Amino acid sequence: MDDAEEQIAREITREQTYADRLYRRLDQLITQVEGNLEQIQRSQHASTHQNRSERDSFMALYEDRLALLRSVSRSLVFGRLDMDDAARHYIGRIGLFTSEREQLLVDWRAPAAAAFYRATSTDRLSVRLRRHLINRGRTVVGLEDDVLDQTVLEDPDHDVVLQGEGALLAAVSGKRTGRMGDIVATIQSEQDRIIRSENRGVLVVQGGPGTGKTAVALHRAAYLLYTHRRRLEHTGVLIMAPTPGFLRYIERVLPSLGESGVVMLTPGELFPGVETFVHDEDTVARLKGDAAMAELLARAVRQRQVVPDADISLRIDGTPITLTRDAIRSARREARASHKPHNTGRAVFVRAAMDRLVQSYESSLRAQGHTVIPEDRPDLLSDLRNDPEIKRQLNLAWLPYTPQGFLRILFSRPDRLRDAAPRSLTNEIELLVRPKDSPWTVEDVPLLDEVAELLGEDSAPAEARARDDAERRRSEVEYARKVIENIDTSGIIRAEDLADQVGHIRDGRTLAERASAERSWTYGHVVVDEAQEHSPMSWRALMRRAPTKSFTVVGDVAQTSSAGGTDSWSAALSPYIQDRLQVEHLTVNYRTPSLIMDRAVAMAQAHELPVTPVSSVREGDREPLIQRASPEGIVAGTAEAVVALHAERLGRIAVIAAQERLAVLLEALRSQAALPAVGAGSAGVDDEVAVMTAQDAKGLEFDAVVIVEPAELIAAHGAGDLYVAMSRPTQHLGVVHAQDLPAGIAQ
């Protein structure tokens, strides 16, 4: 072992000793909280409702704390700062203190940790040395130092480790695990500026492939949850990701940073009660995503508020009355003037129609010689409300709907679609027609949300629930205040917080469960990843989820592949926020070597994609491998290429092809004895080998990628899909083709 290796080993041992101290303290806290929780759980003798509620409230507090501590029990510490004043701060995923309140570890979101990301050699922020700790579980396996004050090199108290490519390059060179690695320690200054941005509106993060857009989005969510905890802990943060596989890929990043108040959904899960991952054909998807669909749906709803063709003759206990067209029209006018949604406005319509109908009833009774006095009106109205024929006629004029029922009927009725279509959609409207029992698609979800907004709910039950909720909340806060007084914890916990715990226990659902079940739930912040894929109708639905317009929007307009997506952030977002749009750019590619990325950019530019210039931090040592095959031999050629790559033990391999080829490729690869289990789609992210479309691969990364027939990717969804596929690998890009290569790929 040479001197440099001895120095590195010595420093790793030193850091491991400190890390062991941190883990001992963490384990002590876990044991302590487990003991408290066990003691509370044994308290079954609570004799009063107050005692039981108090026990349940503190049980929930201990359970939350235990979940947090366990979630950071691996790779707890990742950095160290040595300061001008000789102070040394270790940076990690949570803050840790000794029992005497000596700080052992600084939470990465705390102001004291900001210099770990922001300090540079030109602006040191009082930092002399910044050390990255590279961990595998609880073991420190490597170090890299950034020297910001050159005098450190002459300081006998510092053993500086300068080696290799550093922590950042070690992270991107390491094999992918199928889960996004905790890359907090590799966030650079441009990312940190975005993560800690004080922007309270819509912040767009535009970056090319491999620039860490998703990492920025996730860490910004964690930072906001930490910094604005009081504001966000009851509303949560929504993360909208493109596919279920992508959600699984990132799902552990936020919990490992100590935050769990996050709801993660795909576009096909945004509307409660509907879960779909099926997409429409491009022509239909483009039409459903058009902003003019909002006008079509609004017209379609208004057209279900019908005036009959003729007056309607009725009899109430033998008394003839007439429900006139004028009465229906007048009642409809009054209901529409209330500007309430359809179902809520129906109550206004029925009340107005009844007011006119009771007058007709009274006139008929008087004509028959009956005496009618004002005090009789409530009874007469009751007779009218309970009459089945009157109910039927009012329903025909203004029928209540569910969003699902309304949209199913609308799409099965070409006549209604034609009547409702604005001029801009007239020529394509037949594309929307389908059987009533057709399965929902991802593109239907924003339309369901739009219809739900137009329909609203029946106001009477909603108002009753609101009154009950307000009374329950008042009772819980009052009870919590008395509990705090009795146990003398004033100043430690607020009555409102304890009430929230009680309410949470009574509700029995997590924030994620409650939020995903309520369409009207509004989040404190929304993160939209791969945002370029969202249509105007999708953005309308997302904007309803955060009326404060607090968004982090992440994407790359050069990678747009959905038919309803955008190539301009301003065009997509200006209708909702006017000119209050802040766009930040990420310019460093941490993932894809320049040997591969340069080829991807050349292809994108040849197809006039709006490419964001990026610089790869690695050159790489493998030129893209392009192999030509016969049309009959392309599947066998692909299998041969994958088997060879697997034999090299490069890591995880993705085979990316057009949808039509997936089944035959899967069959061929699964028949190869030399290969392990082969996954399919984005769900195969955990498998060593997976076959998927470019859309499945969005946001993911692989050690090696083999693209099958790139011309077919362009034919299916455009050059954006091929750009996505070419920019997924961290080490190797292979191309197997029979057709001519698209422009820009071959040098």
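Residues numbered from 1 in each chain as written. Predicted model: local features only at pLDDT ≥ 70, side-chain atom pairs only at ≥ 80, totals over all residues. Heavy atoms only, no water.

- Naming follows an unreviewed UniProt entry, where the protein appears as DNA helicase of Brachybacterium avium.

1. Describing the overall build of the protein
Part 1: When helices and strands are tallied, the protein shows 28 helices and 22 strands.
Part 2: For the protein, with 747 residues in total, the buried portion stands at 54%.
Part 3: Counted over contacts in the protein with a minimum sequence separation of 6, partners at least 24 positions apart contribute 73%.
Part 4: When the accessible surface of the protein is split by element, carbon and sulfur atoms take 49% of a total near 33,400 Å². (Helix = DSSP H or I, 4+ residues; strand = E, 2+ residues; numbered from the N terminus. Buried < 20%, exposed > 50% of the residue type's maximum accessible area, 1.4 Å probe, protein only. Contact = heavy atoms within 4.5 Å. Areas by Shrake-Rupley, 256 points an atom, 1.4 Å probe, with all protein chains shown as cover.)

2. Focus: the UniProt feature "binding site: ATP" (unreviewed entry) in the protein
Part 1: UniProt's entry tags Gly-207, Gly-208, Pro-209, Gly-210, Thr-211, Gly-212, Lys-213 and Thr-214 with the feature "binding site: ATP" (unreviewed entry), counted in the numbering of this structure.
Part 2: Along the polypeptide, Gly-208 turns up in the loop between strand S7 (202–207) and helix H6 (213–227).
Part 3: Not counting the four nearest positions on each side in its chain, Gly-208 is found in contact with Lys-213, Asp-556, Gln-559, Leu-586, Thr-612 and Val-614.
Part 4: Its place among the elements puts Gly-210 in the loop between S7 and H6.
Part 5: Classification of Gly-210 as buried rests on a relative accessible area of 10%.
Part 6: Residues contacting Gly-210, with those up to four places away along its chain left out, are Val-588, Asn-589, Tyr-590 and Arg-591. (UniProt positions renumbered as here; feature names shortened; annotations may be inferred.)

3. Details of helix H24 (residues 594–606)
Part 1: Look at H24: 18 Å from first C-alpha to last across 13 residues, which is about the 18 Å you get at 1.5 Å a residue.
Part 2: Within H24, burial applies to Ser-594, Leu-595, Ile-596, Met-597, Arg-599, Ala-600, Val-601, Met-603 and Ala-604.
Part 3: As for H24, its buried residues are in contact with strand S15 (588–589), strand S16 (615–616), strand S17 (625–628), helix H28 (719–726) and strand S22 (729–737).
Part 4: Trailing H24 by a residue or two, Glu-608 shows a phi angle of about 60°, which is positive. (Expected span 1.5 Å × (residues − 1).)

4. A closer look at the pairing of strand S11 (residues 319–323)
On a regular strand, one side chain projects to one face of the sheet and the next to the other, so that they alternate.
Part 1: On S11, burial follows the alternation: Thr-319, Ile-321 and Leu-323 on one face are buried, whereas Pro-320 and Thr-322 on the facing-out side are not.
Part 2: In this structure, strand S10 (residues 312–316) lies alongside S11, joined through 5 bridges in antiparallel fashion. Within the sheet, the bridge partner assigned to Ile-316 lies in S11 and is Thr-319.
Part 3: Counting the residues between successive antiparallel strands, the hairpin from S10 to S11 contains 2 residues, one of them, Asp-317, with a positive phi of roughly 50°. (Pairing = 2+ DSSP bridges.)

5. Things to note about the packing of H24 against H28
Part 1: It is at 9 Å that the axes of H24 and H28 come closest, and there the two elements cross at 175°. Comparing their axes, H28 and H24 come out roughly antiparallel. Here Ile-596, Met-597, Arg-599, Ala-600, Val-601, Met-603 and Ala-604 of H24 lie close against H28, whose contacting residues are Ala-719, Leu-722, Tyr-723 and Met-726.
Part 2: When grouped by side-chain class, the residues that make up the contact of H24 with H28 number 10 nonpolar, no polar and 1 charged. (Axes fitted to C-alpha atoms, helices over the stretch in contact; angles between N-to-C directions. Parallel < 35°, antiparallel > 145°, perpendicular 65-115°, else oblique. Nonpolar A, V, L, I, M, F, W, Y, C, P; charged D, E, K, R; others polar.)

6. As for the nonpolar core
Part 1: Of all hydrophobic cores here, the largest spans 56 residues; its most connected members are Leu-296, Leu-407, Trp-539, Phe-551, Val-553 and Leu-573.
Part 2: Counting residues in hydrophobic clusters, the runner-up holds 33 residues, among them Ala-600, Val-601, Ala-690 and Ala-694. (Core = buried A, V, L, I, M, F, W, Y, C linked by side-chain atoms within 4.5 Å.)

7. Topic: the sheet that holds strand S5 (residues 127–136)
Within a sheet, neighbouring strands are paired by backbone hydrogen bonds and run either parallel or antiparallel to one another.
Part 1: Pairing in this open sheet of 6 strands is mixed, and the strands run S3-S4-S2-S1-S5-S6 from one edge to the other. Two strands in the sheet have a free side with no partner beyond their single neighbour: strand S3 (96–97) and strand S6 (139–147).
Part 2: Relative to strand S4 (residues 103–107), S3 runs antiparallel, the two sharing 2 bridges. Note on S4: the bridge partner recorded for Leu-96 is Leu-105.

8. As for the side chain of Ser-594
Part 1: Checked against the element boundaries, Ser-594 lands in helix H24.
Part 2: Ignoring sequence-local partners within four residues, the contact set of Ser-594 consists of Ser-616, Arg-618 and Glu-619.

9. Focus: helix H23 (residues 569–577)
Part 1: Every buried residue belonging to H23 is among Trp-569, Ala-572, Leu-573, Tyr-576 and Ile-577, and all of these are buried. The buried residues of H23 occupy an angular sector of 95° when projected down its axis, which confines them to one face. Turned more than 90 degrees away from the buried face of H23 sit Ala-571 and Pro-575, all of them exposed.
Part 2: Buried-residue contacts for H23 involve S7, helix H22 (536–544), strand S13 (551–555) and strand S14 (581–586).
Part 3: Phi for Gln-578, located one or two positions after H23, is positive at around 50°. (Arc of directions from axis to C-beta.)

10. Observations regarding the sheet that holds S22
Part 1: Pairing is parallel in the open sheet, where 6 strands are placed in the order S17-S22-S21-S18-S20-S19. Edge positions in the sheet fall to S17 and strand S19 (678–680), since each has one partner strand and no second. Each neighbouring strand pair of the sheet contributes to a mean axis angle of 20°, computed without reference to strand direction.
Part 2: Two strands pair when backbone bridges link them, and S19 and strand S20 (residues 689–692) are joined in this way by 3 bridges, in the parallel orientation. Its bridge partner lying in S20, Val-678 is registered against Val-689.
Part 3: Against the sheet, helix H25 (residues 634–647) engages S17, strand S18 (653–656), S20, strand S21 (702–708) and S22, with an angle of about 170° to S21.

11. Looking at the packing of helix H11 (residues 292–302) against helix H16 (residues 403–411)
For any two helices packed against each other, the geometry is given by the interaxial angle and the distance between the axes.
Part 1: Running from N to C, H11 and H16 point in directions that differ by 100°, and their axes come no closer than 12 Å. The angle between the axes of H11 and H16 places the two elements in the roughly perpendicular class. When H11 is examined against H16, the residues Leu-296, Leu-297, Ala-300 and Val-301 are found in contact with a partner set consisting of Phe-406, Leu-407 and Leu-410.
Part 2: Class assignment of the residues belonging to the contact of H11 with H16 gives a composition of 7 nonpolar, no polar and no charged.

12. Some words on the pattern of salt bridges
Part 1: Evaluated as defined, the whole model comprises 35 salt bridges.
Part 2: Two residues, Arg-80 and Glu-15, come together in a salt bridge whose shortest N-O distance is 2.6 Å. Of this pair, Arg-80 sits in strand S1 (residues 77–83) while Glu-15 sits in helix H1 (residues 3–41), and the two are 65 residues apart along the sequence.
Part 3: Between Asp-149 and Arg-128 there is a salt bridge whose closest N-O contact spans 3.2 Å. Placement of the pair is Asp-149 in the loop between S6 and helix H4 (166–173) and Arg-128 in strand S5, with a sequence separation of 21 residues.
Part 4: Residue class for Asp-149 comes out buried when judged on its relative accessible area of 16%. (Salt bridge = Lys/Arg side-chain N within 4 Å of Asp/Glu carboxyl O.)

13. Remarks on the packing of aromatic side chains
Part 1: The tally for this structure, following the rule as stated, stands at 4 aromatic pairs.
Part 2: With a centroid separation of 5.7 Å and an interplanar angle of 65°, the aromatic rings of Phe-78 and Phe-116 are classed as edge-to-face. Of this pair, Phe-78 sits in strand S1 while Phe-116 is found in helix H3 (residues 114–118), placing the two residues 38 residues apart along the sequence. Per residue, the accessibility class of Phe-78 equals that of Phe-116, and both read buried.
Part 3: Pairing Tyr-401 with Phe-406 gives two aromatic rings, centres 5.2 Å apart and planes at 85°, and the pair type is edge-to-face. Here Tyr-401 matches Phe-406 in class, with each residue buried.
Part 4: Cation over ring: Arg-101 sits above Phe-97, and NZ or CZ is 4.2 Å from the ring centre. (Phe/Tyr/Trp six-rings, centres within 6.5 Å; stacked < 30°, edge-to-face > 60°. Lys NZ or Arg CZ within 6 Å of the ring centre and 35° of its normal.)

14. Points about the environment of His-342
Part 1: Mapped onto the secondary structure, His-342 falls in helix H13 (residues 342–367).
Part 2: When the C-alpha atoms of His-342 and Ala-298 are compared, they prove to be 9.9 Å apart, with 44 residues separating the residues in sequence.
Part 3: For His-342, the contacting residues outside a window of four places in its chain are Val-301, Arg-304, Gln-305, Trp-398, Leu-399, Tyr-401, Leu-454 and Leu-455.

15. Observations regarding unusual backbone geometry
A negative phi angle characterises most non-glycine residues, just as the trans form characterises most peptide bonds.
Part 1: Of note, the phi angle at His-339 is positive, near 60°, even though the residue is not glycine.
Part 2: Examined against the element boundaries, His-339 turns out to sit in the loop between helix H12 (325–337) and H13.
Part 3: Phi is positive for Lys-549, which is not a glycine, with a value near 60°.
Part 4: Tracing the sequence through the fold places Lys-549 in the loop between H22 and S13.

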